[in-house]
Amino acid sequence: MTGAAASITTFYGAPNSAAFWHWPTLLHFVLVAVAGGVALLVAYRALSGARFTWRLPALALALIVLDLGVLWGESLARWRLTHVYLFLSFQPASAIWWGAWGLAGSAALTALLALGWGPRRGWGALLLVTSSLALLYPGLVLAANAARPLWTPLLLVFMPVTGLLIAWGLALLLGQRDLGVAVGALALAGAALGGLYLAGLAAGPGGARAALEHLWHEAGVWFALALAAMLVSPALLRRYPAVAALLAVAGAVLARSLLVEIGQVMGPPF
Amino acid sequence: MPRYAMAIDLAACVGCAACAVACKLENEVPAGVDRLWIRLEERGTFPDLAMQYRPEQCLHCAEPPCVPVCPTGASHVTADGLVLVDAETCIACGACIAACPYDARYFDPRGFVGKCTFCEHRIVQGQLPACVETCPTLCRTFGDLDDPESDVSRAIRAARRVDVLKPEQGTRPKLVYLNTPARFGLAAEGALP
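Only a predicted model underlies this, so the values are computations on that prediction, with no experimental measurement involved.

A. Focus on the overall build of chain B. Each helix and strand counted, chain B has 5 helices and 10 strands in total. Against the compact-globule benchmark of 16 Å for 193 residues, chain B has a radius of gyration of 16 Å, which places it among compact chains. In chain B, which comprises 193 residues, the share counted as buried stands at 60%. Counting only contacts in chain B whose residues sit at least 6 apart along the sequence, the fraction spanning at least 24 positions is 55%.

Right, dumping it as structure tokens:
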């Protein structure tokens, strides 16, 4: 070898560095947000004494079942039925363990609320806790991985905010008009947190900056568009609420999915 | 209880990959994934050129980030310090794969997460891990880190230099590299478990 200084790495065999989560997991990260967010809305309605029919908790239940179905369908262990150990173990250090209990609890409580059985406010209070767990756990899952520089602790906030934005944005589209202000606030918060996330990477150590460059190289324009969609949507809420909600939901879905997909990279080097 | 560890003398490794082949056969590792692989690094420009083979695998960390994230307890640390996966309770969620800083875990198509076990099934029978037994240059040593007379303890004591991968992760690996050529310096000394 002559000429320019070189550093070449080759392998016999290979480290297991390929992406381990694919589109079904990305879909789960969106569906769990929708399911958790709608369940939180049910909890809010139940606690505030607002009138609602069986349809809203039934919708939340259907979304939870759909989400769990996607998870089950994409799991390599689907025919081994090992998922029962999620509920036969005590693993409080695991975000997924909390998420499993959050989703299972939310499913039971939304079923009870849809059927009209038992104390509505009591179920609402419990649902507030379980649906919050379902919303919080994706951020916890990602932020726990110190070796993956794109999954920063800021995702602990970014994921639940964008999750709630997706759910309540869709609810606004379905006619829950009183959520307009909340959707606008969540969209602004999502865009601001996205900006803060990028600034945090840019101001971070070398590994974080390299990760930012990787994000930009892989999908920088799409991520910027996602943040822009969330930023612009509040301005359209009054005159074009459907367009605003669509923009906010699309931005949040895109931003979350990109962070899950591209964030799997280990670094540095990339 | 013993505290099992492995040391690999990089000055003696010739990159023959016999360890990788032995691992694949001994553990019936599926195609497309590896429990053990060899990294070949070339650096510099002729005539100032250097090359190094570095076998890599699960480091059986004393502080394994892959264990607490497991939602069923399938990922666990045994009393003798091995980091293992109980296939019977693994749900293949991938949380441990995400948490591992060394890319040492993979989805086994049979529906669980796979990784190096230091050949636990051989250890319990008093045998060495397959990679250690196969190595033709004897660059791998294995044994009880708490026994000063074990092969691994003696190899570490005799080494000019001891390194671990990614010490900044705070995982305290129990697989260490001995006598790394200076220009391939992995990390400062003192990161031993």
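So much for the structure itself; the text now carries on.
B. Highlighting the overall build of chain A. Scanning chain A from terminus to terminus reveals 8 helices and 1 strand. Mapped in sequence order, the helices and strands of chain A form the string β-α-α-α-α-α-α-α-α. In terms of C-alpha radius of gyration, chain A reaches 20 Å, essentially the compact-globule figure of 18 Å for 270 residues. Its C-alpha atoms give chain A principal-axis dimensions of about 80 × 50 × 25 Å. Buried positions account for 48% of the 270 residues belonging to chain A. When contacts within chain A are restricted to residue pairs at least 6 apart in sequence, those whose partners lie at least 24 apart make up 72%. Looking at chain A as shown, the accessible area adds up to about 12500 Å², and 71% of this sits on carbon and sulfur atoms.

C. Examining the packing of helix α1 (residues 23-48) of chain A against helix α5 (residues 155-173) of chain A more closely. Residue and element names in this part refer to chain A. Between α1 and α5, the shortest axis-to-axis distance is 8 Å and the interhelical angle comes to 70°. In terms of axis orientation, α1 runs roughly perpendicular to α5. Relative to α5, the crossing made by α1 is right-handed. In this structure, α1 contributes Phe29, Ala33, Val34, Gly37, Val38, Leu40 and Leu41 to the contact, and α5 contributes Met159, Gly163, Leu164, Ile166, Ala167, Trp168, Leu170 and Ala171. The class makeup of the residues in the contact of α1 with α5 is 13 nonpolar, 2 polar and no charged.

D. Main features of the interface of chain B and chain A. Each side of the interface is counted separately: chain B has 49 residues, and chain A has 40 residues. Here chain B meets chain A over a buried area of about 3500 Å², counting both sides, of which 55% is carbon and sulfur. On the chain B side of the contact with chain A, B:Ile91, B:Ala98 and B:Asp103 bury the most area, a combined 16% of that side's loss. Across the contact surface, chain B and chain A share 1 salt bridge. For B:Asp103, the salt bridge is made with A:Arg148, and the minimal N-O distance between the two is 3.9 Å. At the surface where chain B touches chain A, the tally comes to 18 residue pairs in polar contact (both at pLDDT 80 or more). Looking at the side of chain B that touches chain A, the elements with two or more residues in it are α1 (18-27), β2 (36-45), α2 (95-99) and β6 (106-108) of chain B.

E. Structural context of the pairing of strand β3 (residues 48-57) of chain B. All names here are of chain B. Sheet analysis places β2 next to β3, joined by 10 bridges and oriented antiparallel. Bridge pairing in β3 links isoleucine 38 to proline 55. Between β2 and the antiparallel strand that follows it, β3, lie 2 residues.

F. A look at the domain arrangement of chain A. Residue and element names in this part refer to chain A. On domain assignment, one finds that chain A holds domain 1 (20-144) and domain 2 (148-270). If you average the C-alpha positions of domain 1 and of domain 2, the two centres end up 22 Å apart. Regarding the contact of domain 1 and domain 2, the summed buried area is about 2000 Å², with carbon and sulfur atoms giving 73% of it. Across the contact surface, domain 1 and domain 2 share 1 salt bridge.

G. Structural detail: the sheet that holds strand β8 (residues 140-144) of chain B. All names here are of chain B. Reading across the sheet, the 4 strands line up as β8-β1-β10-β9 and stay open at both edges, with mixed pairing between neighbours. Of all the strands in the sheet, the pair left with one neighbour each is β8 and β9 (162-163). With 4 bridges joining them, strand β1 (residues 4-9) and strand β10 (residues 175-178) adopt parallel strand pairing. The residue of β10 that forms the bridge with methionine 6 is leucine 175. Its contacts with the sheet place helix α5 (residues 151-158) against β1, β8, β9 and β10, and it is angled at close to 120° to β8.

H. Just the packing of aromatic side chains, in detail. For the structure shown, the criterion picks out 12 aromatic pairs over all chains. Each ring, one from A:Trp21 and one from A:Phe29, has its centre 6.1 Å from the other, and the planes form 45°; the classification is tilted. Pairwise contacts between aromatic rings join A:Phe87, A:Phe90, A:Trp97, A:Trp98 and A:Trp101 into one cluster. The ring of B:Tyr177 has B:Arg54 sitting right over it, with the charged end atom 6.0 Å from the ring centre.

I. Inspection of the environment of A:Ala192 at higher detail. Among the structural elements, A:Ala192 can be located in helix α6 (residues 180-202). Each C-alpha atom of the pair A:Ala192 and A:Leu231 lies 7.9 Å from the other, and the pair is 39 residues apart in sequence.

Rules behind the numbers
Residues numbered from 1 in each chain as written. Chains lettered and ligands numbered in written order. Predicted model: local features only at pLDDT ≥ 70, side-chain atom pairs only at ≥ 80, totals over all residues. Heavy atoms only, no water. Helix = DSSP H or I, 4+ residues; strand = E, 2+ residues; numbered from the N terminus. Rg over C-alpha atoms; globule rule 2.2 N^0.38 Å. Buried < 20%, exposed > 50% of the residue type's maximum accessible area, 1.4 Å probe, protein only. Contact = heavy atoms within 4.5 Å. Areas by Shrake-Rupley, 256 points an atom, 1.4 Å probe, with all protein chains shown as cover. Axes fitted to C-alpha atoms, helices over the stretch in contact; angles between N-to-C directions. Parallel < 35°, antiparallel > 145°, perpendicular 65-115°, else oblique. Left-handed = near helix turned anticlockwise from the far one by under 90°. Nonpolar A, V, L, I, M, F, W, Y, C, P; charged D, E, K, R; others polar. Buried area = accessible area lost by both parts, 1.4 Å probe. Salt bridge = Lys/Arg side-chain N within 4 Å of Asp/Glu carboxyl O. Polar contact = N/O pair within 3.5 Å; in protein donor to acceptor, adjacent residues only side chain to side chain. Pairing = 2+ DSSP bridges. Domains from an automatic or database assignment. Phe/Tyr/Trp six-rings, centres within 6.5 Å; stacked < 30°, edge-to-face > 60°. Lys NZ or Arg CZ within 6 Å of the ring centre and 35° of its normal.

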